[in-house]
Amino acid sequence: MSTYEELIGLLDDAGVAYKLIDHAPDGTTETVSALRGHPVAQGAKCIILIVKPDKRTTKYVLAVVPGDRRVDLDAIKQLYGARYVGFADAATAERLARTVPGTVLPFSLDPELDLIADPAVVVEPEIYFNAARLDRSIMMSGPDYAAIANPRIEPIAPR
């Protein structure tokens, strides 16, 4: 089963309303937001991070922030009491996300991947994200997303 099919199954099984949006292939938040016709802030930007609480421990975090903001690495560092936080390498990110960069879902499909969402994402009446494909996106409500994905909700993307 593809990651796209897994996502659709997850949403259908949950019985939530969502809309599929086909568009020209793109994985950059600003460009794809324009293609989908919504403000960049409604895009769910998904970033996979490597977190090292100590020298021997490595954790991975999927941070979900509004499309017009950046993830605050210091906030993640504080949440984990970590000595280091950075961006995961592309191969690790693809393995954990089960998809290519630009199509990372705001859902953790791997038990190694902790999920943290900024509160601004989960309160949006409509959020948009690429559906594990560069040419198709999903629109759904932030509260429905939070109910299905069950992220840890923390302020990780200050204005």
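The structure presented is a predicted model; accordingly, all values stated were derived computationally and were not measured.

Asks: So what exactly am I meant to see when it comes to helix H2 (residues 29–36) here?
Replies: An α-helical segment advances 3.6 residues per turn. Residues three or four places apart therefore align on the same side. Here H2 has its buried residues at Thr 29, Val 32, Ser 33 and Arg 36. One face of H2 carries all of its buried residues, which in axial projection span an arc of 105°. Considering only its buried residues, H2 is in contact with strand E1 (19–22), strand E2 (44–54), strand E6 (127–130) and strand E7 (136–140). Immediately downstream of H2, the backbone of Gly 37 shows phi near 80°, a positive value.

Asks: Hey, could you run me through the packing of aromatic side chains in this one?
Replies: The geometry of an aromatic ring pair comes down to the distance between the two centres and the angle between the two planes. Inspection of every chain in the model, using the stated rule, returns 2 aromatic pairs. Here the aromatic rings of Phe 107 and Phe 129 are separated by 6.0 Å at their centres, their planes lie at 65°, and the arrangement is edge-to-face. Taken together, the positions of Phe 107 in the loop between helix H4 (90–97) and strand E5 (113–117) and Phe 129 in strand E6 put the pair 22 residues apart, joining distant regions of the chain. With respect to class, Phe 107 is no different from Phe 129; both count as buried. Ring geometry for Phe 107 versus Tyr 145: centroids 5.3 Å apart, planes at 80°, classification edge-to-face.

Asks: Can you walk me through the layout of surface pockets in this structure?
Replies: The rolling of a water-molecule-sized probe over the atoms marks out the regions of remaining empty space. Volume-wise, the largest pocket comes out at about 270 Å³. In terms of lining residues, the largest pocket is bounded by 17 residues, among which Gly 27, Thr 29, Lys 45, Cys 46 and Gly 102 are the most central. Looking at the lining of the largest pocket, the elements with two or more residues in it are H2, E2 and E6.

Asks: Help me understand the sheet that holds strand E3 (residues 57–66) in this model?
Replies: The strands making up a sheet associate through hydrogen bonds between their backbones, and the pairing can be parallel or antiparallel. Taken together, 5 strands build an open sheet; the order of strands is E4-E2-E3-E5-E8 and the sheet is mixed. At either end of the open sheet lies a strand with only one pairing partner, and these are strand E4 (84–87) and strand E8 (152–153). As paired strands, E2 and E3 are joined by 9 bridges and run antiparallel to one another. Across the sheet, Ile 48 pairs through a bridge with Leu 62, a residue of E3.

Asks: Before we go on, may I ask you to explain the sheet that holds E6 in this structure?
Replies: Strand order in the open sheet formed by 3 strands is E1-E7-E6, and the pairing between neighbours is antiparallel. This sheet does not close on itself; its edge strands, each paired only once, are E1 and E6. Taking each pair of neighbouring strands and ignoring which way they run, the sheet shows an average axis angle of 25°. Relative to E7, E1 runs antiparallel, the two being bridged by 4 bridges. Directly across from Lys 19, in E7, lies its bridge partner Met 139.

Asks: Would you mind going over the pairing of E7 with me for this structure?
Replies: Two faces, one strand: in a regular strand the side chains alternate between the faces of the sheet. In terms of burial, E7 is a largely internal element, 5 of the 5 residues being buried. Neither face of E7 is open: one carries Arg 136, Ile 138 and Met 140, the other Ser 137 and Met 139, and all of them are buried. In the sheet, E6 pairs with E7 via 4 bridges, with the strands oriented antiparallel. Residue pairing in the sheet places Phe 129 in a bridge with Ile 138 of E7. In textbook terms, the turn of a hairpin is the stretch between consecutive antiparallel strands, and for E6 and E7 this stretch comprises 5 residues, one of which, Ala 132, has a positive phi near 60°.

Asks: Even after reading the chapter, I still don't get the pattern of salt bridges, so can you show me in this structure?
Replies: Side-chain pairs of opposite charge can arise where the charged atoms are in close proximity. Applying the stated criterion to the full structure yields 7 salt bridges. One salt bridge connects Asp 22 with Arg 136, and the closest N-O pair in it is separated by 2.6 Å. Highlighted residues: Asp 22 in strand E1 and Arg 136 in strand E7, separated in sequence by 114 residues. Judged by its relative accessible area of 54%, Asp 22 is exposed. The closest approach of N and O atoms between Arg 159 and Asp 68, which form a salt bridge, is 3.6 Å. Linking Arg 159 in the segment after E8 with Asp 68 in the loop between E3 and helix H3 (73–80), this pair joins segments that are 91 residues apart in sequence. Note on Arg 159: relative accessible area 77%, which makes it exposed.

Cut-offs and rules
Residues numbered from 1 in each chain as written. Predicted model: local features only at pLDDT ≥ 70, side-chain atom pairs only at ≥ 80, totals over all residues. Heavy atoms only, no water. Buried < 20%, exposed > 50% of the residue type's maximum accessible area, 1.4 Å probe, protein only. Helix = DSSP H or I, 4+ residues; strand = E, 2+ residues; numbered from the N terminus. Arc of directions from axis to C-beta. Contact = heavy atoms within 4.5 Å. Phe/Tyr/Trp six-rings, centres within 6.5 Å; stacked < 30°, edge-to-face > 60°. 1 Å grid on protein atoms, 1.4 Å probe; cavity = no way out; pocket = protein on both sides within 12 Å on 5 of 7 lines; lining within 4 Å. Points joined across faces, edges and corners; volume = space filled by probe spheres on them. Pairing = 2+ DSSP bridges. Axes fitted to C-alpha atoms, helices over the stretch in contact; angles between N-to-C directions. Salt bridge = Lys/Arg side-chain N within 4 Å of Asp/Glu carboxyl O.

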